[in-house]
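Results of the structural survey
The residues making up each chain are set out below.
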Amino acid sequence: EVIDPAARLTARVRFAGVQDRVVAPAHFAQVSQALIERRRLRIDHFSRARNATSEREISAQRLIHYRNAWYLDAWCHRSGALRLFAVDAMERVVTLAEACAEIDAAQLDARHAGSYGIFSGQALQWAELVFSAEAARWVRHERWHPDQETTELADGRLQIRLPYANSTELQMDILRHGEHVQVLAPPDLVTQLRDRLRLALSAYECE
């Protein structure tokens, strides 16, 4: 019996999706088709940060799969600028007859150059983090940012220096290491994390 090597591999490989953000198949199909055919879209997009839905006419530029979620880099004709839209947050998608506005690939690349994670923007500050020797066993094999600077400390700890523009995602990555990481700089990032940890602690304080 001849066994297909691909079928054998498939039987031995498992993809475990955790915290996937579910995208409506019809919306994903429309976005993908418009992206290929270079046609504009009209969408109703829910902003979680503002807790509000807005209608936008957009020219899709790139689909991005990042941390189990799909995002669309697009030119927003209402704001006259590049914007990032979560595909799972699209409540309505309509394909239009108008052709897309075309954005140069270099401009798209520059939008994310220097940013931390999915948040765009040129790097404005550098974060300095020190991980305990225990956490360092894992972190030294991770790449948090293409431009990060890593220093091995004599006692087994690990220091990482990396650029960021928006600290939202960076804070989330730091907090998952709990007591095994210390933020040395910049001062405003130290303050932001201290405040978040105090709020987290308050949820467990007895009355």
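The structure reproduced in this document is the subject of the present report. (Residues numbered from 1 in each chain as written. Predicted model: local features only at pLDDT ≥ 70, side-chain atom pairs only at ≥ 80, totals over all residues. Heavy atoms only, no water.)

Section: the packing of helix H5 (residues 168-175) against helix H6 (residues 187-202)
Cut-off, in case you're wondering: Every axis corresponds to a line fitted to the C-alpha atoms, with the helix fit spanning only the stretch in contact, and the corresponding angles, defined between N-to-C directions, vary from 0 to 180 degrees. Going along the chain from the N terminus, every DSSP run of H or I of four or more residues is numbered as a helix, and every run of E of two or more is numbered as a strand. Here is the rule for angles: anything less than 35 degrees is roughly parallel, anything more than 145 is roughly antiparallel, 65 through 115 is roughly perpendicular, and the remaining ranges are oblique. What makes a crossing left-handed is the near helix being turned counterclockwise from the far one by less than a right angle; a clockwise turn instead makes it right-handed. Note on contacts: a residue pair is in contact if any heavy atoms of the two residues lie within 4.5 Å. For this scheme, ten residues count as nonpolar: Ala, Val, Leu, Ile, Met, Phe, Trp, Tyr, Cys and Pro. Four count as charged, namely Asp, Glu, Lys and Arg, and the remainder, Gly too, count as polar.
In contact at an axis separation of 11 Å, H5 and H6 are set at 60 degrees when each is read in the N-to-C sense. In terms of their interaxial angle, H5 and H6 are classed as oblique. Like other packed secondary-structure pairs, H5 and H6 cross with a definite hand, here right-handed. Judged by residue contacts, Leu-170, Gln-171, Ile-174 and Leu-175 of H5 engage Leu-189, Gln-192, Leu-193, Arg-196 and Leu-197 from H6. Looking at side-chain class alone, the contact of H5 with H6 contains six nonpolar, two polar and one charged residues.

Comments concerning the environment of Arg-56
Keep this limit in mind: Polar contacts, as used here, are pairs of N or O atoms within 3.5 Å; protein pairs need one atom able to donate a hydrogen and one able to accept it. Residues neighboring in sequence count only if both atoms are side-chain atoms.
In this fold, Arg-56 is placed in strand S2 (residues 52-66). Once the C-alpha coordinates of Arg-56 and Asp-44 are considered, the two residues, 12 residues apart in sequence, prove to be 6.4 Å apart. Those residues in contact with Arg-56, other than ones at most four positions away along the chain, are Leu-41, Arg-42, Ile-43, Arg-50, Cys-76, Arg-78, Ser-79 and Phe-85. A distance of 3.2 Å separates the side chain of Arg-56 from the side chain of Ser-54, its partner in a polar contact.

Comments concerning the sheet that holds strand S1 (residues 39-47)
Just so we agree on the cut-off: DSSP bridges decide pairing: two strands pair if at least two such bridges lie between them.
One open sheet accounts for five strands, arranged S4-S3-S2-S1-S5; its pairing is antiparallel. Each edge of the open sheet carries a strand with a single partner, namely strand S4 (81-86) and strand S5 (90-99). Neighbour-to-neighbour, the strand axes of this sheet turn through a mean angle of 45 degrees, independent of strand direction. As paired elements, strand S3 (residues 69-76) and S4 share six bridges and run antiparallel to each other. Considered in S4, the bridge of Trp-75 is made with Leu-82. Helix H2 (residues 25-37) rests against S1, S2, S3 and S5 of the sheet, and its axis sits at about 25 degrees to S5.

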